[in-house]
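Spelled out from the first residue to the last, the chains are:
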Amino acid sequence: MAGLANTAQAQTGFAAWLDELRIEALAKGISAATFHAALGNVSPDANIVAQDRNQPEFVQPFLSYLSKRVTDNRVNNGQALRQRHQALLDDVELVYGVPSSVLLAFWGLETNYGQFMGSHAIPAALATLAYDGRRHQFFRSQLLDALRIIEQGHIQASGMRGSWAGAMGHMQFIPSTFLRYAVDGDQDGYIDVWNSLPDAFHSAANYLSQMGWQGTQPTAVEVWLPEQFDWQQAALHLRQPARNWLAMGVLPVETLRQDSLDAPAAVILPQGAKGPAFLVFDNFDIVMRWNRSVNYALSVALLSERIIGGPDLMHGDESAHDALSHEALKQLQQQLNLLGFEAGEPDGFPGPQTQAAIRRYQLSVGLSADGYASPALLSSMLAQPLQAPVQQMPINSSASGKIAPR
């Protein structure tokens with residue numbers, strides 16, 4: 001927001017904006033006392049605006065991402081906490097059908113088992129983001145929901161703390177998710193996802209259950225691919241019964257349960273043909289509803305399995321895949337477009353449309369069509385003459401609607 005460069009101007013504009021918000025909040029049943037407690041001495045925070053606008057410099061390769069999140073220490077802590085809270089976790093699983101290891105994996109990845117829940121005052125952070133202008137309607141809605149949570153007495157304004165973007169508590173619920181899915185697990189009349197593990201676990205399990213969690217069906221299983229595997233078949237939206245993949249020579253590292261063989265599954269390659277391969281099931285989509293990142297969803301699946309004694313990854317060559325920066329990915333997308341392989345508006349994210357364009361390019365030059373954006377691929381493209389290909393292979397790019405980037 002340009003106004004934050006001038007403190008006096010920002011404060012004047014923010015005060016007027018805040019007064020208008022107060023009128024709306026009062027009209028929606030939020031008391032003046034709640035509004036004052038949450039926003040009475042708030043001013044816009046330039047640091048939060050900067051965080052919102054700052055893109056990560058590099059798109060982290062899957063194996064690098066995983067190595068920083070699914071660590072031996074996190075696995076060991078998860079196993080110890082599973083024993084410590086076994087009775088509670090068993091009760092939650094009985095009610096919602098979500099395995100305890102899955103909840104622990106989310107807990108571990110979101111806040112390192114409650115150690116890092118965020119220290120920002122949520123109303124102030126959301127007010128800054130709602131005033132800033134970028135995604136202002138979304139953050140304004142979240143701010144009003146945060147005020148409703150305070151109004152309902154679940155938490156005092158001073159105790160509502162979390163991430164700079166508004167995520168709260170052990171499982172990092174945003175306010176709208178709290179209002180829709182949070183559960184009073186300890187039945188004390190209030191929902192405290194900051195200090196009550198029963199509330200936090202019941203709330204997370206309720207969310208996953210409402211999204212359609214499929215009992216003990218796998219989320220993701222590492223597989224070996226046959227030597228002549230058709231790389232074009234590795235796509236999140238290409239589903240068929242797991243037994244069909246096995247009949248094609250796809251070999252799970254661990255034997256699949258019988259009740260999973262008829263479940264729809266897809267093969268994905270999070271780090272291209274030279275990295276690990278996974279068979280992913282409907283529960284993988286549920287995790288993607290929580291966080292729209294393939295790397296995150298696989299990390300949940302792998303941490304969950306390791307907490308209950310599953311193996312670490314069996315294969316994958318991280319050294320073969322360096323990271324591309326967002327600017328380099330934009331350049332790759334621009335180059336795809338210039339070469340006639342439509343990747344959409346360059347945005348620096350290798351989503352389904354970009355992956356489909358990469359596959360078409362790879363097919364046109366005789367590369368393995370794994371759809372993976374790598375530095376070597378960009379170098380190959382930059383060496384190509386800028387002319388449209390004679391024929392583009394018809395690869396369906398309409399992956400899950402839950403994946404927003406191109």
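Definitions and cut-offs
- Residues numbered from 1 in each chain as written.
- Predicted model: local features only at pLDDT ≥ 70, side-chain atom pairs only at ≥ 80, totals over all residues.
- Heavy atoms only, no water.
- Helix = DSSP H or I, 4+ residues; strand = E, 2+ residues; numbered from the N terminus.
- Expected span 1.5 Å × (residues − 1).
- Contact = heavy atoms within 4.5 Å.
- Salt bridge = Lys/Arg side-chain N within 4 Å of Asp/Glu carboxyl O.
- Buried < 20%, exposed > 50% of the residue type's maximum accessible area, 1.4 Å probe, protein only.
- Polar contact = N/O pair within 3.5 Å; in protein donor to acceptor, adjacent residues only side chain to side chain.
- Core = buried A, V, L, I, M, F, W, Y, C linked by side-chain atoms within 4.5 Å.
- Axes fitted to C-alpha atoms, helices over the stretch in contact; angles between N-to-C directions.
- Parallel < 35°, antiparallel > 145°, perpendicular 65-115°, else oblique.
- Nonpolar A, V, L, I, M, F, W, Y, C, P; charged D, E, K, R; others polar.
- Pairing = 2+ DSSP bridges.
- Phe/Tyr/Trp six-rings, centres within 6.5 Å; stacked < 30°, edge-to-face > 60°.
- Patch = residues over 30% accessible without salt bridge, like charges linked within 9 Å, V, L, I, M, F, W, Y side chains within 5 Å.
- Areas by Shrake-Rupley, 256 points an atom, 1.4 Å probe, with all protein chains shown as cover.

**So, helix 15 (residues 326-338)**
Item 1. Over its 13 residues, helix 15 extends 18 Å from the first C-alpha to the last, a length consistent with the 18 Å expected when each residue adds 1.5 Å.
Item 2. Where helix 15 is buried, its residues touch strand 1 (58-59), strand 9 (324-325), helix 16 (352-364) and helix 17 (375-382).
Item 3. Just downstream of helix 15 lies G340, where phi reads positive at about 95°.

**Structural notes on the pattern of salt bridges**
Item 1. Inspection of the entire model under this criterion finds 15 salt bridges.
Item 2. Across the salt bridge formed by D312 and R306, the nearest N and O atoms sit 3.7 Å from each other.
Item 3. For R306, a relative accessible area of 13% puts it in the buried group.
Item 4. One salt bridge connects E327 with K330, and the closest N-O pair in it is separated by 3.6 Å. Residue E327 and its partner K330 are located together in helix 15, separated by 3 residues, close to a single helical turn.
Item 5. Residues joined by salt bridges that share partners form a network here, namely E20, E24, K28 and R140.

**Examining the environment of S100**
Item 1. The topology assignment puts S100 in helix 7 (residues 100-111).
Item 2. On the basis of relative accessible area, S100 is assigned to the buried category, the value being 5%.
Item 3. With near-sequence residues (within four places) excluded, S100 lies in contact with R82, L89 and E93.
Item 4. Here R82 takes part through its side chain, which lies 3.2 Å from a polar atom of the side chain of S100.

**Considering helix 14 (residues 294-307)**
Item 1. The terminal C-alpha atoms of helix 14 lie 20 Å apart, and with 14 residues this matches the ideal 20 Å at 1.5 Å per residue to within 8%.
Item 2. Within helix 14, 12 of the 14 residues are buried, which leaves the element mostly enclosed by the surrounding structure.
Item 3. Along helix 14, the positions that sit buried rather than exposed are N295, Y296, A297, L298, S299, V300, A301, L302, L303, S304, R306 and I307.
Item 4. Between the side-chain oxygen at the start of helix 14 and the backbone nitrogen of N295 there is a gap of 3.3 Å, and the oxygen is on S293.
Item 5. After helix 14 finishes, the residue G309 shows a positive phi value of roughly 95°.

**Details of the nonpolar core**
Item 1. In terms of nonpolar packing, the biggest core is built from 84 residues, with L39 and L208 touching the most fellow members.
Item 2. Residues in contact with L39, not counting those within four places in the same chain, are L18, L21, P123, A124, A127, L143 and L147.
Item 3. F229, A234, V250 and L279 belong to the second-largest nonpolar core, a separate cluster that totals 16 residues.

**Observations regarding the packing of helix 6 (residues 86-96) against helix 7**
Item 1. Running from amino to carboxyl end, helix 6 crosses helix 7 at an angle of 110°, the nearest separation of the two axes being 9 Å. By the criterion of interaxial angle, the relationship of helix 6 to helix 7 is roughly perpendicular. Listed contacts from helix 7 to L89, V92 and E93 of helix 6 are S100, L103 and L104.
Item 2. Taken together, the residues of the contact of helix 6 with helix 7 sort by class into 4 nonpolar, 1 polar and 1 charged.

**Some thoughts on the sheet that holds strand 8 (residues 277-280)**
Item 1. The 5 strands lie next to each other as 5-7-8-4-6, forming an open sheet whose pairing is antiparallel. One side of each edge strand has no neighbouring strand; the edge strands of this open sheet are strand 5 (240-241) and strand 6 (251-252).
Item 2. Of the strand pairs in this sheet, strand 4 (residues 220-224) and strand 8 are connected by 4 bridges, and their pairing is antiparallel. Within the sheet, the bridge partner assigned to A220 lies in strand 8 and is V280.
Item 3. The strands that helix 14 touches are strand 4, strand 7 (264-268) and strand 8; relative to strand 8, the one it contacts most, it runs at about 80°.

**Observations regarding the packing of aromatic side chains**
Item 1. In total, this model carries 17 aromatic pairs according to the counting rule given.
Item 2. Seen in terms of ring centroids, F14 and W17 are 5.6 Å apart; in terms of plane orientation they differ by 25°. Their pairing is stacked. One end of the pair, F14, and the other, W17, are both in helix 1 (residues 7-27), 3 residues apart, so they sit about a helical turn from each other.
Item 3. Arranged with centres 5.1 Å apart and planes meeting at 70°, the rings of F138 and F139 form a pair that is edge-to-face.

**So, the pairing of strand 4**
Item 1. Among the 5 residues of strand 4, 4 are classified as buried, and the element is accordingly described as predominantly covered.
Item 2. Where strand 4 meets strand 6, 2 bridges bridge the pair, whose relative direction is antiparallel. Residue V223 lies in a different strand from strand 6, and its bridge partner there is P252.

**Some thoughts on a nonpolar patch on the surface**
Item 1. On the surface, W224, L251 and M314 cluster together to form a nonpolar patch covering roughly 310 Å² of accessible area.
Item 2. Note on placement: M314 falls in the loop between helix 14 and strand 9.

**A look at the environment of V95**
Item 1. Within the fold, V95 resides in helix 6.
Item 2. Look at V95 and you get exposed, because its relative accessible area is 55%.
Item 3. Separated by 29 residues in the primary sequence, V95 and L66 have C-alpha atoms spaced 31 Å apart.

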